[in-house]
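# Overview (structure and organization)
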Amino acid sequence: MYLHWSLILMIPGLLLGMYAQAKVSSAYKKYSNVAISGSYTGADVARRMLADNNLGHIRIEEVAGTMSDHYDPRSGVVRLSHDVYHGRTIAALGIAAHEIGHAIQDGEGYGALKIRNAVIPVTNFGSMLYFPLLLLGMLMSAPVLIQWGIILFSVIVFFQLITLPVEFDASRRALVTLETDGFLNQDEMVGARKVLGAAALTYVAAAVTAILELLRLVILFGGRNE
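Bear in mind that the values here come from a model prediction, so they are computed numbers and not experimental data. (Residues numbered from 1 in each chain as written. Predicted model: local features only at pLDDT ≥ 70, side-chain atom pairs only at ≥ 80, totals over all residues. Heavy atoms only, no water.)

Glancing now at the overall build of the chain. A count of helical and extended segments in the chain gives 7 helices and 3 strands. Its helices and strands taken in sequence order, the chain reads α-α-β-β-β-α-α-α-α-α from the N to the C terminus. Based on the C-alpha atoms only, the size of the chain along its principal axes is roughly 65 × 35 × 30 Å. Counting all 226 residues of the chain, 46% fall into the buried class. By sequence separation, contacts in the chain at least 24 residues apart represent 72% of the contacts at least 6 residues apart. Roughly 11,500 Å² of accessible area belongs to the chain as shown, and the carbon and sulfur atoms make up 63% of that amount. (Helix = DSSP H or I, 4+ residues; strand = E, 2+ residues; numbered from the N terminus. Buried < 20%, exposed > 50% of the residue type's maximum accessible area, 1.4 Å probe, protein only. Contact = heavy atoms within 4.5 Å. Areas by Shrake-Rupley, 256 points an atom, 1.4 Å probe, with all protein chains shown as cover.)

Now the structure itself:
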């Protein structure tokens, strides 16, 4: 299975993933050390955006770690890492605004986000079971198990694909707010776009990798009838 020629399909995804990680690390490192001209922190921007969108019920919490920022729709909490919460840097404001973008999506009932949230349980289920099903299907010569393994992996691919518009839209909302509300000047906006653009590339890489892996599974098992 792992020495099949189709393994070469994974090379583009691997290279893109490595490039994306290098880009996001480089952008974050650079712009987390570039102070903004204003006095806003990431938390200040987050609170302002929530208030402007009538989302005062959403809490903002500080969380440990680096680049651990996220929006938790189940708890109604935006969690910001220490450097983003307290930071007065281009990266801090860009990341904070992006996470609030997700909260705004949730509040508006943004379609792609609703779909992504709906498939999360199936995606988690598929992540755990698709490979055991493939393995059992091979060992037991049971095509139906292999087919179900591929179907479950297809759900993972769908999740990666529906994540793209969700992330792109959150970044778009963030950049519009940072510029129109005067949180960042024009020069600072260049850095914010680079930070969020690099982060978006990691999601593109994940989607490409998942698609190529699905194609590989179809090549490996699609014609098995025995």
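Anyway, onward from the coordinates.
Right, let's get into a nonpolar patch on the surface. Judged by side-chain polarity, Trp5, Ile8, Ile11, Leu14, Leu15, Met18, Leu215 and Ile219 come together as a nonpolar surface patch covering roughly 820 Å² of accessible area. Counting residues per element, the ones that place at least two in the nonpolar patch are α1 (10-31) and α7 (186-221). In terms of residue count, α1 provides more of the nonpolar patch than any other element does, 4 residues in total. (Patch = residues over 30% accessible without salt bridge, like charges linked within 9 Å, V, L, I, M, F, W, Y side chains within 5 Å. Salt bridge = Lys/Arg side-chain N within 4 Å of Asp/Glu carboxyl O.)

Using the criterion set out here, one finds 11 salt bridges in the structure. Across the salt bridge formed by Arg48 and Asp52, the nearest N and O atoms sit 3.4 Å from each other. With Arg48 and Asp52 both in helix α2 (residues 42-52) and 4 residues apart, this pair spans about one turn of that helix. A salt bridge links Arg173 to Glu108; the nearest nitrogen and oxygen atoms lie 3.1 Å apart. Highlighted residues: Arg173 in helix α6 (residues 143-180) and Glu108 in helix α4 (residues 90-108), separated in sequence by 65 residues. Classification of Glu108 by relative accessible area gives exposed; the value is 52%.

Once that is clear, we can look at the sheet that holds strand β3 (residues 77-81). Taken in spatial order, the 3 strands make up an open sheet running β1-β3-β2, and their pairing is mixed. A strand with exactly one partner marks an edge of an open sheet, and here the two such strands are β1 (59-63) and β2 (70-72). Looking at each pair of strands side by side, their axes are set apart by 25 degrees on average, direction ignored. Pairing of β2 with β3 involves 3 bridges; the strand directions are antiparallel. For Tyr71, the partnering residue across the bridge sits in β3 and is Val78. (Pairing = 2+ DSSP bridges. Axes fitted to C-alpha atoms, helices over the stretch in contact; angles between N-to-C directions.)

With that out of the way, let us pick up unusual backbone geometry. With a phi close to 55 degrees, Asn54 is a non-glycine residue in the positive phi region. With respect to the secondary-structure elements, Asn54 resides in the loop between α2 and β1. Residue Asn54 is classed as exposed on the basis of its relative accessible area of 67%. A positive phi angle is found at Ser141, which is not glycine, with a value near 50 degrees. Tracing the backbone through its elements, the reader meets Ser141 in the loop between α5 (111-139) and α6.

Let us look at the side chain of Arg116. As for its placement among the helices and strands, Arg116 is situated in helix α5. Under the relative-accessibility criterion, Arg116 is labelled buried at 14%. One polar contact links Arg116 to Glu167, side chain to side chain, over a distance of 3.3 Å. (Polar contact = N/O pair within 3.5 Å; in protein donor to acceptor, adjacent residues only side chain to side chain.)

The next point concerns the nonpolar core. Across soluble globular proteins, nonpolar side chains have a tendency to be buried as a group. Leu80, Leu93 and Leu178 are the most contacted members of the largest nonpolar core, which has 38 residues in total. Counting only elements with at least two residues in this core, the list comes to α1, α2, β3, α3 (82-86), α4, α6 and α7. Broken down by element, this core gets its largest block of residues, 10 residues, from α4. Membership of the second largest hydrophobic core comes to 14 residues, among which are Leu133, Ala210, Leu214 and Phe221. (Core = buried A, V, L, I, M, F, W, Y, C linked by side-chain atoms within 4.5 Å.)

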